[in-house]
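# Structural overview for review
The lines below spell out each chain.
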Amino acid sequence: MMTKDITQNEMTEEQLLEENRKIRESLKEKKRIVVKIGSSSVIHEETGGIDFIKLEKLARYLTDLHNQGKDVVLVSSGAIGMGVQALGLSKRPASVARKQACAAVGQGQLIGVYERFFKEYNQQIAQILITKETMIDRDRRLNAKNTFLELLDMGVIPIVNENDTVATEEIEFGDNDTLAAIVCALVKGDLLILLTDIDGFYTDDPHKNPEAKIIPVVEEIDEQIEGMAKGVTSRFGTGGMAAKIAAANICNDSGADMLIASGERADILNKIMQGEQLGTIFKAHKRPDFHLISYLQNKSYLDE
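Quick caveat, the model's predicted, so the values are computed rather than measured.

This next bit is on the overall build of the protein. Along its length, the protein carries 13 helices and 10 strands. The burial tally for the protein puts 53% of its 304 residues in the buried class. For the protein, long-range pairs separated by at least 24 residues make up 75% of all intrachain contacts whose partners lie at least 6 apart in sequence. Working note: accessible area of the protein is about 14,200 Å², and carbon and sulfur atoms make up 48% of it.

Moving on, we get to the pattern of salt bridges. Per the stated rule, a full pass over the model turns up 12 salt bridges. Of the charged contacts, one joins Asp267 and Lys271 as a salt bridge, the two residues approaching to 3.7 Å between their closest N and O atoms. The class for Asp267 is partly exposed, based on a relative accessible area of 25%. Members of the salt-bridge network, linked through shared partners, are Lys30, Asp257 and Lys283.

Before going further, it helps to spend a moment on the packing of helix 9 (residues 176-186) against helix 11 (residues 241-254). Two numbers describe how helix 9 lies on helix 11: the axes approach to 8 Å, and their chain directions differ by 5°. Considering their axes alone, helix 9 and helix 11 lie roughly parallel with respect to each other. For the pair helix 9 and helix 11, the contacting residues are Asp177, Thr178, Ala181, Ile182, Cys184 and Ala185 in the first and Ala243, Lys244, Ala247, Ile250, Cys251 and Ser254 in the second. Tallied by class, the residues present in the contact of helix 9 with helix 11 amount to 8 nonpolar, 2 polar and 2 charged.

On to the pairing of strand 4 (residues 157-162). The buried fraction of strand 4 is high, at 6 of 6 residues. Of the two faces of strand 4, the one lined by Ile157, Ile159 and Asn161 and the one lined by Pro158, Val160 and Glu162 are each fully buried. Direction of pairing for strand 2 (residues 71-76) relative to strand 4: parallel, over a ladder of 2 bridges. Note that in strand 4 the partner of Leu74 across the bridge is Ile159. Sheet topology note: the strand 3 (residues 125-130)/strand 4 ladder contains 6 bridges and is parallel. Within strand 4, the position partnered with Ile125 by the bridge is Ile157.

This paragraph deals with the nonpolar core. Side chains of a nonpolar character, in soluble globular proteins, are inclined to be buried together. Membership of the largest hydrophobic core comes to 46 residues, with the highest contact counts inside it found for Phe148, Val160, Leu192, Met258 and Phe282. The biggest single contributor to this core is helix 9, with 8 residues. Residues in contact with Phe282, not counting those within four places in the same chain, are Phe201, Val218, Ile221, Ile245, Ala248, Asn252, Ala256, Asp257, Met258 and Ile260. Counting 39 residues, the second largest nonpolar core, distinct from the first, contains Ile50, Leu55, Ala79 and Tyr114.

Tracing the backbone shows Lys244 in helix 11. For Lys244, a relative accessible area of 3% corresponds to the buried category. Within polar-contact distance, the side chain of Lys244 engages the side chain of Asp177 at 2.9 Å.

This brings us to empty space enclosed by the protein. For the structure on display, the rule yields 2 cavities of 30 Å³ or more. There is about 60 Å³ of room inside the second largest cavity. Along its surface, the second largest cavity is lined by Ile37, Lys54, Leu58, Leu195, Gly263, Arg265, Ala266, Ile268 and Leu269.

To continue, consider the state of the cysteines. Enumeration according to the criterion identifies 0 disulfides in this entry. The thiol of Cys184 is unpaired, and the distance to the nearest cysteine sulfur, on Cys251, comes to 4.3 Å.

To continue, consider the confidence of the model for the protein. When pLDDT is averaged along the protein, the result is 82; 86% of the residues meet or exceed 70. For the protein, the element scoring lowest by mean pLDDT is helix 8 (residues 169-173), at 46; strand 2 scores highest, at 96. Low confidence marks residues 1-7, where pLDDT is under 50. Its contacts with residues over four positions away, or in another chain, come to 8 contacts. Taken as a whole, residues 234-238 scores under 50 in pLDDT and shows 23 contacts with residues more than four places along the chain or in a different chain.

Rules used in this analysis
Residues numbered from 1 in each chain as written. Predicted model: local features only at pLDDT ≥ 70, side-chain atom pairs only at ≥ 80, totals over all residues. Heavy atoms only, no water. Helix = DSSP H or I, 4+ residues; strand = E, 2+ residues; numbered from the N terminus. Buried < 20%, exposed > 50% of the residue type's maximum accessible area, 1.4 Å probe, protein only. Contact = heavy atoms within 4.5 Å. Areas by Shrake-Rupley, 256 points an atom, 1.4 Å probe, with all protein chains shown as cover. Salt bridge = Lys/Arg side-chain N within 4 Å of Asp/Glu carboxyl O. Axes fitted to C-alpha atoms, helices over the stretch in contact; angles between N-to-C directions. Parallel < 35°, antiparallel > 145°, perpendicular 65-115°, else oblique. Nonpolar A, V, L, I, M, F, W, Y, C, P; charged D, E, K, R; others polar. Pairing = 2+ DSSP bridges. Core = buried A, V, L, I, M, F, W, Y, C linked by side-chain atoms within 4.5 Å. Polar contact = N/O pair within 3.5 Å; in protein donor to acceptor, adjacent residues only side chain to side chain. 1 Å grid on protein atoms, 1.4 Å probe; cavity = no way out; pocket = protein on both sides within 12 Å on 5 of 7 lines; lining within 4 Å. Points joined across faces, edges and corners; volume = space filled by probe spheres on them. Disulfide = S-S within 2.5 Å. pLDDT = per-residue confidence, 0-100.

This is the structure:
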């Protein structure tokens, strides 16, 4: 790692490349990994249909990670999007009640698809639905944590989503990037991987600006980084780049690295864990005074 008297700006290009290589190699040593896959990676955006090929391969690579002796948790979006498709709606509804109805239909379909694919590899899964109230209440939070830890100890891969059928504010303002970061902090994960519709964190929105460049490593989230974050880019998703920065604040402060990468390539998890230089890594900087409850109640991760 770089010494305290050498900043990134002072390092040569060769030194930066070597530093990035070391950071990527360190991912091989991670033991408890949370993976979040976004709606845009679960659903064909053109039709709203389920991307079965991508989900099947995701199940394969997550099972392989587990077989390497790593604890794995999956946070999956897509319940509302699947409900939209199943109910024959042309677009994601605007009202909370209609979203909740779509989630009620889609959640069962989503876990059913995962059950089918993981079963092919003899991997047990469990469904965990969470609301903010679950995390804020101390007893419920501890119960949720204990459930996660027991499942991981038994070799089960928990599949997590927000309980959109009963949540209100969370559907309207929440996102699974933040949920994934909270889960990562709760189970004391050391790496969160966000698979999304963009292949990293850029200096500008690459969908709009062809001159935008990817940033391979973010050592610290400052005002400049926050200013680069953009809004929603997907018809089926709720979390934009600003939500991912908020998630990185939670992860990094809790002591976990976070990586943003494209969910378009099903084999990307394998490549990431082999040390290939893909996506953007936000480096951990554990705060000694980190308390998850304060992040949940005060949303301090949004304005740091």
